[in-house]
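Chains, contacts and geometry: an overview
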Amino acid sequence: MAKLFTRSKVRIFESALEKIARILADKYKIKVIFKHDTCMTDGRTIYLPIIPDNASEEFLGAVQGFLDHEVGHLIY
């Protein structure tokens, strides 16, 4: 069974992702947009899902993993 985080822990995670997104935009010209319900990229923009208040640990890990994977492709 997936462990659900409290709203505040989810918001802390989301805030960290937003800071990472700003760094990526400034340094590498990669946009990170939080608005879709799936993870995808077009090669310069990474689209991430809006993180629900009741997000599970697995969901948050998957979002972080996708971001890490795509950034690796786009930077290197």
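Below: a short report on this structure. It should be emphasised that the depicted structure is a prediction, and the values quoted were computed from it without experimental measurement.

**A closer look at the overall build of the chain**
For the chain, the count of helices and strands is two helices and three strands. Its helices and strands taken in sequence order, the chain reads α-β-β-β-α from the N to the C terminus. Computed over its C-alpha atoms, the radius of gyration of the chain comes to 12 Å, within 12% of the 11 Å expected for a compact globule of 76 residues. If one aligns the C-alpha atoms of the chain with their principal axes, the spans along those axes are about 35 × 20 × 20 Å. Counting only residues that meet the buried cut, the chain has 30% of its 76 residues in that class. As displayed, the chain offers around 5,000 Å² of accessible surface, 59% of which is attributable to carbon and sulfur atoms. Mean positive and mean negative side-chain charge positions of the chain (11 and 10 charges, respectively) differ by 7 Å.

**Here's the deal with the sheet that holds strand β1 (residues 31-36)**
Spatial strand order, β1-β3-β2: three strands in an open sheet with mixed pairing. Edge positions in the open sheet fall to β1 and β2 (40-41), since each of these has one partner strand only. As defined by bridge partners, β2 adjoins strand β3 (residues 45-49) across two bridges and the pair is classed as antiparallel. Residue pairing for β3: M40 is matched across the bridge by Y47. Packing against the sheet, helix α2 (residues 57-75) makes contact with β1, β2 and β3, and its axis sits at approximately 175° to β3.

Conventions we followed
Residues numbered from 1 in each chain as written. Predicted model: local features only at pLDDT ≥ 70, side-chain atom pairs only at ≥ 80, totals over all residues. Heavy atoms only, no water. Helix = DSSP H or I, 4+ residues; strand = E, 2+ residues; numbered from the N terminus. Rg over C-alpha atoms; globule rule 2.2 N^0.38 Å. Buried < 20%, exposed > 50% of the residue type's maximum accessible area, 1.4 Å probe, protein only. Areas by Shrake-Rupley, 256 points an atom, 1.4 Å probe, with all protein chains shown as cover. Lys, Arg positive; Asp, Glu negative; His and termini not counted. Charge placed at Lys NZ, Arg CZ, Asp CG, Glu CD. Pairing = 2+ DSSP bridges. Contact = heavy atoms within 4.5 Å. Axes fitted to C-alpha atoms, helices over the stretch in contact; angles between N-to-C directions.

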